[in-house]
Amino acid sequence: MSELPHSPGNRPEHIAILGDGAMATVCSILLTTGGHGVTMWGAFEDSIERLLQNRENERFLPGVRVPPGVRLTANDADAFSGATMVLSAIPTQYIRGVWKRLSGYLPAGLPIVSVAKGIENDTLLRPTEVIQDVLKRFGSGPIPALAALSGPNIAAELARYLPATAVAACADEAFAARVQSVFSTQWFRVYTNNDTVGVELAGATKNVIAIAAGILDGLAAGNNAKAALVTRGLVEISRLGAAMGAQPSTFAGLAGLGDLITTCVSPEGRNRTVGERIGKGQKLADVLATMDSVAEGVPTTRAVMQLARKYRVEMPITQAVHAVLFEGKDAIDALTDLMSREPKPESGEG
């Protein structure tokens, strides 16, 4: 296997982070802790100006400061200056626009890591596929190495230096190992995986199940119901993954079951919170209007329903969430319908 461009072995790297949200901020902490240089680029000058003034990410992570060594910029031409690797921390539905904007400035061969969790509406592409598609259309030179970094990673916990794990997924095992080395710290352990399809699909679909978990919390349905939801949710996530060519073991690992559990139980999870407020009777539009952060599971629900139809996979929980979010169905009625479905063996199709 040929050496990756800019590959410095175990020497410090310089990572260009695209985005200035919660995950971008905690990644800047992780990377500087590991001794790496970091440039954080933001799409809006006013947001970067606020960060330059006090280094605190007041909007997304109040009380958490971007390390003093991180260079902050909103200048597109300066985004990749000195970089040996790029971290794309852009919400899925905005990836295409950002990468189209920046593609002309990307140095040839500069490898990319994505931490987004979602499926692009309309195209049904995963985050790394969106980046690849944009670079094919608007970039120059060969497509660089692309990896996904995903796992049970609540940003607020990472910002408090609480222990966590993740998976670096890439078909190029050498680049996956490089990402593993770059992002590992004493409190953040990274594993490698060659199943990018499964890792990204798991990261996207678990947000849909998390909305369902939140709805149960809002309805005060209890822990028995949530345990059943998480278990059966994993079944339908894995079923879709199998149809799309992912490895079954991925869904039993950190990026699958691990991330699903965290997202469904953490009070800090955005998607679970959206579901809880809907379960308590609020309208989706009202919930989203009061949120600063993006709840990826809402648009992803539409995309996953399209994938389920495309691959002819039965996903009753996803279908129920879609009905509540976009078809005006009452949450209690949706739960009742799920509970009254035709009885089947646990190993069966639903």
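This text goes with the structure placed above it.
Throughout, a residue's number is its position along its own chain's written sequence, starting from 1. Predicted model: local features are reported for residues with pLDDT of at least 70 only, side-chain atom pairs are reported and counted for 80 or more only, and whole-chain, interface and lining totals are derived from all residues. Water and hydrogen atoms were dropped before computing side-chain values, which therefore reflect all heavy atoms in the structure.

A. Structural view of the environment of Asp133. Note that Asp133 resides in helix 4 (residues 127-138). In sequence terms Asp133 and Ile143 are 10 residues apart; their C-alpha atoms lie 9.4 Å from each other. Think of it this way: any DSSP run of H or I at least four residues long counts as a helix, any run of E at least two long counts as a strand, and we number them from the N terminus.

B. Highlighting unusual backbone geometry. We note that Ala220 has phi near 55 degrees; this positive angle belongs to a residue other than glycine. Mapped onto the secondary structure, Ala220 falls in the loop between helix 7 (196-218) and helix 8 (223-243). Located in the positive-phi region is Arg312, a residue other than glycine, with phi close to 55 degrees.

C. Region of interest: the side chain of Ser103. Along the polypeptide, Ser103 turns up in the loop between helix 3 (92-102) and strand 5 (112-114). By the convention used here, residues are in contact when the closest approach between their heavy atoms is within 4.5 Å. Beyond its immediate sequence surroundings of up to four residues, Ser103 is in contact with Leu135, Phe138 and Gly139.

D. Geometry of the packing of aromatic side chains. To pair, rings of Phe, Tyr and Trp, with the six-membered ring standing in for Trp, must have centres within 6.5 Å; the planes then decide the type, stacked if under 30 degrees apart, edge-to-face if over 60, and tilted in the middle. Applying the stated criterion to the full structure yields 2 aromatic pairs. Taking the centre distance of 4.6 Å and the plane angle of 55 degrees together, the rings of Tyr161 and Trp187 count as tilted. Highlighted residues: Tyr161 in the loop between helix 5 (155-159) and strand 7 (164-169) and Trp187 in the loop between helix 6 (173-183) and strand 8 (188-193), separated in sequence by 26 residues. By relative accessible area, Trp187 is classed as buried at 12%. Residue placement shows Arg302 over the ring face of Phe326; its charged tip is 3.7 Å from the ring centre. To sort residues, take the accessible area from a 1.4 Å probe on protein chains only and compare it with the maximum for the residue type: under 20% means buried, over 50% means exposed, and anything in between is partly exposed. Should the NZ of a Lys or the CZ of an Arg lie within 6 Å of a ring centre and within 35 degrees of the ring normal, that charge is described as sitting over the ring.

E. Representation of empty space enclosed by the protein. Think of a 1 Å grid over the protein atoms and nothing else: a 1.4 Å probe that fits but is trapped marks a cavity, an open set flanked by protein within 12 Å on at least five of seven lines marks a pocket, and residues with an atom within 4 Å of a point count as lining. Grid points are joined across faces, edges and corners, and a volume is the space filled by probe spheres set on the points. Under the counting rule described, the total for this entry stands at 2 cavities of 30 Å³ or more. Taken as a whole, the largest cavity spans an internal volume of roughly 80 Å³. Looking at the lining of the largest cavity, its residues break down into 7 nonpolar, 5 polar and no charged. Estimates place the volume of the second largest cavity at around 40 Å³. Forming the boundary of the second largest cavity are Ser114, Ala116, Lys117, Ala148, Leu149, Ser150, Val199 and Glu200. For the lining of the second largest cavity, the secondary-structure elements that each account for two or more residues are strand 6 (146-150) and helix 7. It is strand 6 that contributes the most residues to the lining of the second largest cavity, 3 residues altogether. Residue classes follow a fixed rule: Ala, Val, Leu, Ile, Met, Phe, Trp, Tyr, Cys and Pro count as nonpolar, while Asp, Glu, Lys and Arg count as charged, and any other residue, Gly among them, counts as polar.

F. The pairing of strand 7, seen in detail. In terms of burial, strand 7 is a largely internal element, 5 of the 6 residues being buried. By the convention used here, strands pair only if DSSP detects at least 2 bridges between them. In this structure, strand 6 lies alongside strand 7, joined through 3 bridges in antiparallel fashion. Counterpart to Ser150 in the pairing with strand 7 is Val167. Across 6 bridges, strand 7 lies against strand 8 in parallel orientation. The residue bridging Ala164 from the neighbouring strand is Phe188, located in strand 8. A crossover links strand 7 with its parallel partner strand 8, the connecting element being helix 6, and its sense is right-handed. Assignment of crossover handedness uses the view with strands pointing away from the viewer, where a clockwise path from the first strand over the helix to the second indicates a right-handed crossover.

G. Spotlight on the sheet that holds strand 3 (residues 71-73). Reading across from one edge, 3-2-1-4-5-6-7-8 is the order of the 8 strands in this open sheet, with mixed pairing throughout. Single-partner strands in this sheet number two, and they are strand 3 and strand 8. The average angle at which neighbouring strand axes cross in this sheet is 25 degrees, direction not considered. As defined by bridge partners, strand 4 (residues 85-88) adjoins strand 5 across 3 bridges and the pair is classed as parallel. To define axes, lines are fitted to C-alpha atoms, for helices over the stretch in contact only, and angles between the resulting N-to-C directions are given on a 0 to 180 degree scale.

H. Examining the packing of helix 7 against helix 8 more closely. Axis separation between helix 7 and helix 8 bottoms out at 10 Å; the angle between their running directions is 155 degrees. As far as their axial angle goes, helix 8 and helix 7 are roughly antiparallel. Between helix 7 and helix 8 the crossing geometry is right-handed. Contacts from Leu201, Thr205, Lys206, Ile209, Ala212, Ala213, Leu216 and Asp217 of helix 7 reach helix 8 at Ala225, Lys226, Leu229, Gly233, Glu236, Ile237, Leu240 and Gly241. Geometric relationships in this document are graded by angle, where less than 35 degrees denotes roughly parallel, more than 145 denotes roughly antiparallel, 65 to 115 denotes roughly perpendicular, and other angles denote oblique. The hand of a helix crossing depends on one turn: near helix anticlockwise from the far one by less than a right angle means left-handed, and clockwise means right-handed.

I. Region of interest: helix 2 (residues 45-54). Within the sequence span of helix 2, burial applies to Ser47, Ile48 and Leu51. On an axial view of helix 2, the arc spanned by its buried residues comes to 95 degrees, and they lie on one face. For helix 2, the exposed residues set more than 90 degrees away from the buried face come down to Glu45 and Gln53. Looking at the buried residues of helix 2, the elements they touch are strand 2 (37-41) and strand 3. Immediately downstream of helix 2, the backbone of Arg55 shows phi near 65 degrees, a positive value. Relevant arc is that of directions from the helix axis to the C-beta atoms, nothing else.

J. Region of interest: the pairing of strand 1 (residues 14-18). Counting buried positions over the 5 residues of strand 1 gives 4, a clear majority of the element. Both strand 1 and strand 2 contribute to a ladder of 5 bridges, which runs parallel. Across the sheet, the residue bridging to His14 is Gly37, located in strand 2. The β-α-β motif built from strand 1, the intervening helix 1 (residues 22-33) and the parallel element strand 2 has right-handed crossover chirality. Pairing geometry for strand 1 and strand 4, over 4 bridges, is parallel. Within strand 4, the position partnered with Ile15 by the bridge is Met85.

By themselves, these are just geometric observations and shouldn't be taken as functional.
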